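Chains, contacts and geometry: an overview
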Amino acid sequence: MELNKLSFEPCPRTPSQVFDLTLLFVKKHFVALIKIYLTLVVPLAAIFYALLPIEYVGFIIWWLKPVFERPLLTYLSRVSFSYSCSTFEAISSLKQLKIINIIRLLTIYRLSTTRAYNAPIEQLEKQSSKALSKRKDILNNRCSHNQTWWILFCVHLEMLMLMTLLFVYYGLFPDFMPIDEHLTFEYFNSSEFVSLYLITYLMSIALIAPYFTTGGFLMYLNSRIHIEGWDIEQSFKRIVARLSQVSLIAILSVNLFFPHPVSANDSIEDKIEQLEIELNQKPKEVETEIYQRPESLDKIYQEVVSIYKDEKLVETQTTYVPKSQEDPNFDLTWLKKLFEIFSGLSELSPIIAFVFWALVILLCGWIVLSLIKLFKKTKSWTLSSNKTTEQTNSVQEFPSFIRNQVSKDWPDDLIAASLEALEKANLRYALALILRHTLIQVQLKHPDIFNKSMTELECKSALIKVAPQAQHSFYNKLFSLWIQQAWAHKDVSIQEVQLLITEVSSFTASVERQNEK
């Protein structure tokens, strides 16, 4: 690994410093990263949108996010060492993934909190399964990476970005999102809102994915710097480079100020040529001596190593300790221990994933059993919308003069209840039942025909406009008897009410026959 080609200084950093470096790194390569992500995600989202119901497209895109992050990782691994990488080369790196690794990535490790941190170990080091497991244990246990907090931060930032884009769209085009003061959710179940949600979701994940992947990759490099001492190796290389330059200058000086003896017959041109030959040969000899590490350089190397060990020039435990300005009596060690406990949950991510899948399977089974019991209880696989109880409950706007005028608890079978009221000579209640049944039947065909403030005469006029000509006399007679009994407090005959019940029963029977056909 050519450490001298790293695009940033390989020094040990704290997790917060690594995340600061992430912002600078993504800022420099943001256009290329988002281009790679959109080039991969948008065509797949369009294909899923054309083949599947739109409700499933967003879930599938979310589930495949670990696969979409791998081309970003390939690009980061190349540009971090000052190599070029095109969009096609980054996306083509998906061919190197094995099927078994993709299955593990989308099942066992899908909900892992260290996904971005372990991805470089799996993809770049290319070790066997046992060596890979040991390597993960070393990097996860011996280094502080704070990947649990990093993924939580990115998830919340992604949700915030999604909500912001939706509110921006609502602010720019309020007429396309008809949300009233009661915040009804009918619009949120429409295909227009689902399409809008899918577009904004793709935008939000495309904006956050470069930061999430880069944060995990740079934390992986920082862990290797801590463990493998990249900064010490770079310091040694700088020292050797400075010593080689000093030795080269010394040799050239000796040749210039103490030249080899030459004969008097040699011309000035011969002396210059001889000097050029010596100057051209000496650096090559010095270079071979550097790579072979002669005894003189080896002594220098050992001295430098002993100086680093004796004087402790490289701090291996703590690289940065800020000065505390807090009250020393105010102890927050308990909070630090609490964070350490939660950071340890990253080691249990496979177990948490198994438990999560078990809960999901149990939840699906419980839902299926509940639906089967419900269908067996009702003895039907479709919910009937013609039942009287559902018809009564589905009424949203009902005139106030009949809404709760007579009774707050209306019976299920209004016609049968009107016959019982007629036998008991309760004519007002019988008329109310007939009137309510008639309004419900009409409102099922014309949901917006009534409102709460309508009077009897306004309600009758609205009915006559939509009812057949043969039913006009029935509606006139019904409202006339209701006004005479309920408001004028005049007596009506039982025969007239009996005739109304007979007519409304025949109307209802004809409607049911038409529905069956």
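Our subject in this report is the structure included herewith. Here the structure is a predicted model, which means the values were calculated and not measured. (Residues numbered from 1 in each chain as written. Predicted model: local features only at pLDDT ≥ 70, side-chain atom pairs only at ≥ 80, totals over all residues. Heavy atoms only, no water.)

What to know about the overall build of the protein chain
Going by this rule: What counts as a helix is a DSSP run of H or I of at least four residues, what counts as a strand is a run of E of at least two, and both are numbered from the N terminus. Think of it in three bands: with a 1.4 Å probe and only protein chains considered, a residue is buried below 20% of the maximum accessible area for its type, exposed above 50%, and partly exposed in between. Only heavy atoms matter for contacts: two residues are in contact if any of them lie within 4.5 Å across the pair. The protein chains shown are the only cover counted for residues, whose accessible areas, like all others here, come from Shrake-Rupley with a 1.4 Å probe.
Along the backbone of the protein chain there are 21 helices and 0 strands. Every one of the 517 residues in the protein chain was classed for burial, and the buried ones make up 35%. Considering only contacts within the protein chain whose residues lie at least 6 apart along the sequence, 73% involve residues at least 24 apart. Element-wise, carbon and sulfur atoms account for 61% of the exposed surface of the protein chain, whose accessible area totals about 33,300 Å².

Here's the deal with the nonpolar core
Worth spelling out the cut-off: Think of a nonpolar core as a cluster: buried Ala, Val, Leu, Ile, Met, Phe, Trp, Tyr and Cys residues, connected wherever their side-chain atoms sit within 4.5 Å.
By size, the foremost hydrophobic cluster in this structure holds 56 residues, and its most contacted members are Tyr37, Ile61 and Leu218. Taken together, the elements giving at least two residues each to this core come down to α1 (15–51), α2 (54–63), α3 (65–79), α5 (99–106), α6 (115–124), α7 (129–141), α8 (147–172) and α9 (191–228). Sort the elements by how many residues they give to this core and α9 lands first, with 14 residues. Once residues lying within four places of it in the same chain are set aside, the contact partners of isoleucine 61 are Val41, Ala45, Phe48, Phe68, Tyr201, Leu202 and Ile205. Counting 36 residues, the second largest nonpolar core, distinct from the first, contains Trp410, Leu433, Met454 and Ala467.

What to know about the packing of α7 against α9
Stated formally: Each axis is a line fitted through C-alpha atoms, and for a helix only the stretch in contact is used; angles between axes span 0 to 180 degrees, taken between their N-to-C directions. Each angle gets one of four labels, with under 35 degrees taken as roughly parallel, over 145 as roughly antiparallel, 65 to 115 as roughly perpendicular, and the rest as oblique. Each residue receives one of three labels: charged for Asp, Glu, Lys and Arg, nonpolar for Ala, Val, Leu, Ile, Met, Phe, Trp, Tyr, Cys and Pro, and polar for the others, Gly being one of them.
Direction vectors running N to C along α7 and α9 enclose 85 degrees, while the axes themselves pass 10 Å from each other. Taken together, the axes of α7 and α9 lie roughly perpendicular to each other. Residue-level inspection shows Arg135, Ile138 and Leu139 of α7 in contact with α9, the latter providing Tyr220, Ser223, Arg224, Ile227 and Glu228. A per-class count over the contact of α7 with α9 returns 4 nonpolar, 1 polar and 3 charged.

Regarding the side chain of serine 112
Put simply, the rule is: As used in this structure description, the phrase polar contact means that two N or O atoms lie within 3.5 Å; if the pair is within protein, one of them must be able to donate a hydrogen and the other to accept it, and residues adjacent in sequence are counted only when both atoms belong to side chains.
Examined against the element boundaries, serine 112 turns out to sit in the loop between α5 and α6. Within the structure, the side chain of serine 112 is placed 3.2 Å from the side chain of threonine 114, a separation counted as a polar contact.

Brief notes about the pattern of salt bridges
Threshold: Salt bridges, as used here, are contacts in which a Lys or Arg side-chain nitrogen is within 4 Å of a carboxyl oxygen on Asp or Glu.
Overall, the coordinates contain 6 salt bridges when judged by the stated rule. The partner of glutamate 69 in a salt bridge is arginine 115, with the nearest N and O atoms 2.9 Å apart. Taken together, the residues glutamate 69 in helix α3 and arginine 115 in helix α6 connect sequence positions 46 residues apart. Comparing glutamate 69 with arginine 115, the two get one shared label, buried. Taking the shortest distance from any N to any O, the salt bridge between glutamate 122 and lysine 136 comes out at 2.5 Å. Residue glutamate 122 is located in helix α6, and its partner lysine 136 is located in helix α7; the two are separated by 14 residues in the primary sequence. Residue classification places glutamate 122 among the partly exposed residues on the basis of a relative accessible area of 25%. For lysine 136, a relative accessible area of 13% puts it in the buried group.

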